[in-house]
Amino acid sequence: MSKIFQQNRALGYVSNQVPATVRYVTGRKENLVTTCVGKSFITISCTHFRLLTVSGLHPDEITCLASDKFLIYSACGSTIYGWRRGNEIKHKYVGHKSKVTHILPFGNHIISVDEDSLLKVWDKKSECLYTEIPFQNESFKITAVMHPHTYVNKILLGSEQGTLQLWNVRHGKLIYTFSGFTSKITVLEQSPAIDVIAVGMSNGQIALINIKVDKILMEFTQEWGMVTGIAFRTDGPTMMATSSINGQIAFWDLEEKKIVSTLLAHHDSVSTLRFLPNEPLLLTTSIDNSLKLWIFDKLDGTPRLLRYREGHSSPPLCIRYHGSKGDSILSAGEDSSLRIFSTISETLNASLGRASYNRKASKKINKLKEDHLLMPPITSFTSEMTREKHWDSIVAIHNNLVEATTWSFDKRKMGDIKLMPERFKNSKRKDFKTFATSLTMTHCGNFVIIGYSSGDIERYNMQSGIHRATYGSPAHSNDVRGVYVDNLNQFVISAGIDTKLKFWNFKTKEAKDAFGEMKLQDSILFIRGHRESSMLCVVLEDFTVLIIDYDTKTIVRKFVGHSAPITDACFSPDSRWLITSSMDCTVKVWDIPSSYLIDHFKMSQPCISLSMSPTGDFLATAHVDFLGVYLWANKTLYEHISLRSINPENEAPSVELPNMLNFEHKYDIVDAMNLIKLEPDEDDEEGEYINLEYKSPFQIDDDLITMSSLTEAKWKNLLDLDIIKKRNRPKEAPKKPKQAPFFLPTVAGLEMAFNVNGTEQDDDHTKLKSVSNVENLTTFGVVLKKSSESNDYTNSINHFVGLNPSMIDYEVRSLAPLGGGSISLMDKFLKMIVEMFKSNKNFELAQSYLALFLKSHEEIISGSKILMTTLDEIETVQNKCWSTLEEQLMYSIGVVSNLRNYC
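Residues numbered from 1 in each chain as written. Predicted model: local features only at pLDDT ≥ 70, side-chain atom pairs only at ≥ 80, totals over all residues. Heavy atoms only, no water.

Participant: Residue-level account of the overall build of the protein chain, with values.
Facilitator: For the protein chain, the count of helices and strands is nine helices and 61 strands. When burial is assessed residue by residue, the protein chain has 50% of its 903 residues classed as buried. Taking the intrachain contacts of the protein chain between residues at least 6 apart in sequence as the baseline, contacts between residues at least 24 apart amount to 45%. With an accessible surface of roughly 46800 Å², the protein chain has 50% of that area assigned to carbon and sulfur atoms. (Helix = DSSP H or I, 4+ residues; strand = E, 2+ residues; numbered from the N terminus. Buried < 20%, exposed > 50% of the residue type's maximum accessible area, 1.4 Å probe, protein only. Contact = heavy atoms within 4.5 Å. Areas by Shrake-Rupley, 256 points an atom, 1.4 Å probe, with all protein chains shown as cover.)

Pasting the structure below:
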């Protein structure tokens, strides 16, 4: 487990190849869609596409989903789980020996089918097996299952062999075998008409069958191959929609028996196709990690995109935090898209689009054809927010492409400017042998500097895209692996595969020679910088990491520890840590001041890109073959962690990647407790529960001075209460309320009588007060007097600490003789202060109470020898406490100052 970073959550996951389920919740009065995201599923409202719940982490990948009015069912391996509210385990059905492929809620029962075509019927509440029906894969491999409307206890099964069978699950009997098809059945869907079932096949054929008379009513064929989904509109028009494996959706008019329109809904196979009941809305999900809602409100009857939620369809290649708030992550993926992921809410995610050579022409291309204007994937990009309101603030370079593209974070779109050297502008793209390899943007946001594989380095203006300067002729003999600009635009740093690190004057338009050069031990892989500290991280191809102070042009640190090529590196916001990732699947954290490795951990897949939040609260990582962006929380911001040096050759502990939840699951999926259950011993009937919560004692040691846990409002302003009351007094005097009528209570009965039981009567019928009531002590005065008699002031201290500031001021003033107290009572209060100093507890409270006492009774104290004697004792005890505290403070200040000078 990592010492510094804790799994937080994963961003950018929406759907996969598992079909989603849609159910209407009466209490919310809206439809909820549940999609699978690997080992968990998420529930999203169709109204605003907001994320509602995330399920627990399953032991393995989810194979299928289903839902009824109350529960959501998920299959993982051979086990089926029933979830309430999408995140609470309610039932668990165990009995299959192979992976479950289909789940069908069936009244009070659940029907499940596994890979061996074993059909089981379960009782929902008791979780017991009702019956099972075995099939042979060679003769009838189940590929689709459904329940025809009004057919009690009947289910319809489709097979890989193209055969349809109707079964009675109550008695486990075959009712009828329908005329077979020549292709595999992939989809069975109930039409709005009773007895009519739609059958989709792998060869693209769609058939509507009347199962009551075993007759094919109509047939259609889509040109895009296998049918992945069928849906019928129920809001009026007789329309059927069918989906395919290339993202195309066809809409068929059942009255005229012809195709009406087509729609390229996704870039990959459509996994879910569902019309919402009695609404002109079509819900689709796809393997391309997207969820879309289409509405039919056009005059020509074609749909338009109403709402969508999506992530990368291919793994991201480069991620970077944008801005200073740390709430937005820019991510570029293999799908040629650039996206924004919000760390605050997934509803704030946005897509900047896919890179295109001609964005306007790309929109006019026939949606049935492949977009030939799509650019190669983005391999690296740079961004600045200084001028993002005025012009494009992001520049990206693409795989084996000489052109660099600009993007606007503010407008959420791709820019119109293409940055390219002058000598390539009139050449054909296929003749280019040079491509952009690295880039950086100035802190002011006005210029971008790009390095090329030919060794050239060019500078462009961000607003106009005009070429402004050239560095070297060329700057390096081969690939430029990195470029960097200091914070004040004084010089440019370039790194090449020729092992050289060169320094160029930024303002020179044609700098032929560098004013500084460093030759390193091996070829440079890439560079990363931290402008505020003037430090540059240089990663070499021999897996070595160098830290260079580019003001003095000296190597200040050298880190060795990775055993495979380093993929990315970044500094922490305070430049104290350097975080590196490698193809050996490890992430290492190096402490720059001490030059030690302080943390490392290993994951299942290599981290290909990482970025630290500008606020230091999260580390974002992207991994090979994973579509999401993973967040890791910095534990040092929330708790004290002792960091020690680690041997870089030690094996890194394995850590699982974060999931969609914002906490780490350390328990089984059925376990919902916050305690860890140990394995029970043979002699014990139950396991032992260990509570992981630790409560610190109020005082760690008697010799240590301990502050109270009270807020500053209860003690800091005691001396200024008069000013506060004067400032807060009402502007107008309170009005006297109207006099209420006086009524004597009566006793219920036939005769009228007054109830006088509540009136007080003295036994001796006298108005004279007893002598014992002459002493007018407050509640605190009584407690203080009793504490003095027993010489234990604990109760009086606890009582006084619990009062509010106004009551504290009142109690202190009441100690004087004019307030109902006495000199003796004032002396007891001072002795209570002495006990507070001697116990080393509530140090600041004792100081505040003493100051208030001296301010309130300075004239009485000066004329009383008893009080002056007690004050001398307080001075002695107070000086002793303060000298101890001052000695420790001065020692700590000296140590910190020494370490600062050393670093």
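Participant: An account of the sheet that holds strand β55 (residues 607–612) is requested, with residue identities and associated values reported.
Facilitator: Sheet strands pair by backbone hydrogen bonding; their relative direction is either parallel or antiparallel. Pairing within the open sheet is antiparallel, and its four strands lie in the order β1-β57-β56-β55. Because the sheet does not close on itself, it has two edges, and the strands there are β1 (5–11) and β55. If you compare each strand with its neighbour and ignore which way they point, the axes differ by 25° on average. Looking at chain direction, β1 and strand β57 (residues 629–634) are connected through six bridges and run antiparallel. Residue pairing across strands places Leu11 opposite Val629, the latter belonging to β57. (Pairing = 2+ DSSP bridges. Axes fitted to C-alpha atoms, helices over the stretch in contact; angles between N-to-C directions.)

Participant: Before we move on, can you summarise the packing of helix α3 (residues 779–790) against helix α6 (residues 823–839) with the specific residues and values?
Facilitator: Between two packed helices, what matters for the description is the angle formed by their axes and the separation of those axes. Orientation of α3 relative to α6, taken along the N-to-C sense of each, is 70°, at an axis distance of 10 Å. Comparing the axis directions of α3 and α6 gives the class roughly perpendicular. Residues Phe780, Gly781, Leu784, Lys785 and Ser788 of α3 lie in contact with α6, whose contacting residues are Leu825, Lys828, Phe829 and Met832. Tallied by class, residues from the contact of α3 with α6 come to five nonpolar, two polar and two charged. (Parallel < 35°, antiparallel > 145°, perpendicular 65-115°, else oblique. Nonpolar A, V, L, I, M, F, W, Y, C, P; charged D, E, K, R; others polar.)

Participant: So, the sheet that holds strand β54 (residues 596–602): which residues are in play, and what are the values?
Facilitator: One open sheet accounts for four strands, arranged β51-β52-β53-β54; its pairing is antiparallel. Each edge of the open sheet carries a strand with a single partner, namely β51 (566–571) and β54. Across the sheet, the mean angle from the axis of one strand to that of its neighbour is 20°, orientation sign disregarded. Direction of pairing for strand β53 (residues 586–591) relative to β54: antiparallel, over a ladder of six bridges. Residue pairing for β54: Val589 is matched across the bridge by Asp599.

Participant: Run through the pairing of strand β22 (residues 229–232), naming residues and quoting values.
Facilitator: Neither face of β22 is left uncovered, since the one carrying Gly229 and Ala231 and the one carrying Ile230 and Phe232 both have all their residues buried. Relative to strand β23 (residues 239–243), β22 is paired through four bridges, and the arrangement is antiparallel. Counterpart to Ala231 in the pairing with β23 is Ala241. The hairpin turn running from β22 into β23, its antiparallel successor, is six residues long, and Gly236 in that turn takes a positive phi close to 140°.

Participant: Any details on the environment of Ala350? Residues and values, ideally.
Facilitator: By the secondary structure assignment, Ala350 is in strand β33 (residues 350–354). When neighbours within four sequence positions are excluded, Ala350 is seen to be in contact with Arg339, Ile340 and Arg412.

Participant: Tell me what's going on with the pattern of salt bridges, and back it up with residues and numbers.
Facilitator: This model, assessed by the stated rule, comprises 21 salt bridges. As a salt-bridge pair, Arg339 and Glu310 come within 3.3 Å of each other at their nearest N and O atoms. Highlighted residues: Arg339 in strand β32 (residues 337–342) and Glu310 in strand β29 (residues 304–310), separated in sequence by 29 residues. Look at Glu310 and you get partly exposed, because its relative accessible area is 22%. Between Glu517 and Lys500 there is a salt bridge, with its nearest N and O atoms 3.9 Å apart. (Salt bridge = Lys/Arg side-chain N within 4 Å of Asp/Glu carboxyl O.)

Participant: Before we move on, can you summarise unusual backbone geometry with the specific residues and values?
Facilitator: Of note, the bond from Ser473 into Pro474 is cis; its omega dihedral lies within 30 degrees of zero at -10°. One non-glycine residue, Thr150, lies in positive phi territory at about 70°. Its place among the elements puts Thr150 in the loop between β14 (142–146) and β15 (154–159).

Participant: For the nonpolar core, give the residues involved together with the corresponding values.
Facilitator: Counting residues in each nonpolar core, the largest one holds 38 residues, and the members touching the most others are Phe5, Val33, Ile579, Leu619 and Trp632. With residues near it in sequence (within four places) discarded, Val33 still touches Ala20, Thr21, Val22, Ile42, Thr43, Ile44, Cys46, Leu283 and Leu291. Core analysis: the second largest hydrophobic core is formed by 36 residues, Leu803, Val812, Ala846 and Leu871 among them. (Core = buried A, V, L, I, M, F, W, Y, C linked by side-chain atoms within 4.5 Å.)

Participant: Outline the packing of aromatic side chains, listing residues and values.
Facilitator: When we look at a pair of aromatic rings, we describe it by the centre distance and by the angle of the planes. In this structure the tally under the stated criterion is 25 aromatic pairs. Seen in terms of ring centroids, Tyr484 and Tyr550 are 6.0 Å apart; in terms of plane orientation they differ by 55°. Their pairing is tilted. On the criterion of sequence distance, the pair formed by Tyr484 in strand β42 (residues 480–485) and Tyr550 in the loop between β49 (544–549) and β50 (554–560) is long-range, its members being 66 residues apart. Accessibility expressed as a relative area gives 2% for Tyr550, which makes it buried. Pairing Phe491 with Phe503 gives two aromatic rings, centres 6.3 Å apart and planes at 65°, and the pair type is edge-to-face. (Phe/Tyr/Trp six-rings, centres within 6.5 Å; stacked < 30°, edge-to-face > 60°.)

Participant: Hey, could you go over a nonpolar patch on the surface for me, with residue numbers and the actual values?
Facilitator: A cluster of nonpolar side chains, namely Trp882, Leu889, Met890 and Ile893, defines an oily patch on the protein surface of about 430 Å² accessible area. Turning to its location among the elements, Leu889 is positioned in helix α9 (residues 865–902). (Patch = residues over 30% accessible without salt bridge, like charges linked within 9 Å, V, L, I, M, F, W, Y side chains within 5 Å.)

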